[in-house]
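# Coordinate analysis (summary)
Chain by chain, the residues run as shown.
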Amino acid sequence: ELGLFAKATVAEKYTVRIRILHGIVSGHEALTGDASVGALIYQTRERDFSAFVGAKTTFIGSKYAQKFFGINSEQSVISGIETYDPGAGLRDINLNFGTYWKFKNNWSLNSFAEYSRALGSTAHSPLVSTFGSPNQFKIGFNVSYTFYYD
């Protein structure tokens, strides 16, 4: 995907981000975009630990919706599921919480928890309603090593 994004941070605590993408080799060749807001809710004076919350929504074009949530006539014959032609619109909305902890010189631990809810024609797709759920939860963490060059 190829695209553009813009991000603004206010008072070192609040972030607004907008991203617009166009699929070029991922098979959907469609326009997608998302908008998010976030807030730093806690940070130590030494900045070695911080916590943040955020929300995001994603817009998808009709080609993307069909590729990932639709069922064409050939797929219907093979699977036995009725054809489904979703339209463009909001794909989902999600809420997230994350932490950052710098626990040793160049080492840090990052963690996150996220709830996502499918919306509109995405939520009504048989792929979601039959084989999944419009409600999705994710948790994760990573350990990072940062290289500093003087």
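Computed from a prediction, not measured in an experiment: that's the story for all the values here.

### Focus: a nonpolar patch on the surface
Taken together, the side chains of Trp 101, Phe 103, Trp 107, Phe 141, Val 143, Tyr 145, Phe 147 and Tyr 149 define a hydrophobic patch exposed on the protein surface, amounting to about 980 Å² of accessible area. No other element matches strand S7 (residues 135–145), which puts 3 residues into the nonpolar patch. On the secondary structure map, Phe 141 appears in strand S7. In this structure Phe 141 comes out as exposed when scored by relative accessible area, which is 62%.

### A closer look at the environment of Ala 35
With respect to the element layout, Ala 35 can be found in strand S3 (residues 31–43). Given the relative accessible area of 36%, Ala 35 is considered partly exposed. Residues Ala 35 and Thr 58, spaced 23 residues apart in sequence, show a C-alpha to C-alpha distance of 6.7 Å.

### Points about the environment of Ala 11
Here Ala 11 is to be found in the loop between strand S1 (2–10) and strand S2 (14–22). Once the C-alpha coordinates of Ala 11 and Arg 47 are considered, the two residues, 36 residues apart in sequence, prove to be 15 Å apart.

### Some details on unusual backbone geometry
You will see that Ala 11, though not glycine, has its phi angle at about 55°, which is positive. Of note, the phi angle at Glu 12 is positive, near 55°, even though the residue is not glycine. In this structure, Glu 12 sits in the loop between S1 and S2.

Procedures and definitions
- Residues numbered from 1 in each chain as written.
- Predicted model: local features only at pLDDT ≥ 70, side-chain atom pairs only at ≥ 80, totals over all residues.
- Heavy atoms only, no water.
- Patch = residues over 30% accessible without salt bridge, like charges linked within 9 Å, V, L, I, M, F, W, Y side chains within 5 Å.
- Areas by Shrake-Rupley, 256 points an atom, 1.4 Å probe, with all protein chains shown as cover.
- Salt bridge = Lys/Arg side-chain N within 4 Å of Asp/Glu carboxyl O.
- Helix = DSSP H or I, 4+ residues; strand = E, 2+ residues; numbered from the N terminus.
- Buried < 20%, exposed > 50% of the residue type's maximum accessible area, 1.4 Å probe, protein only.

Geometric values such as these leave the question of function open.
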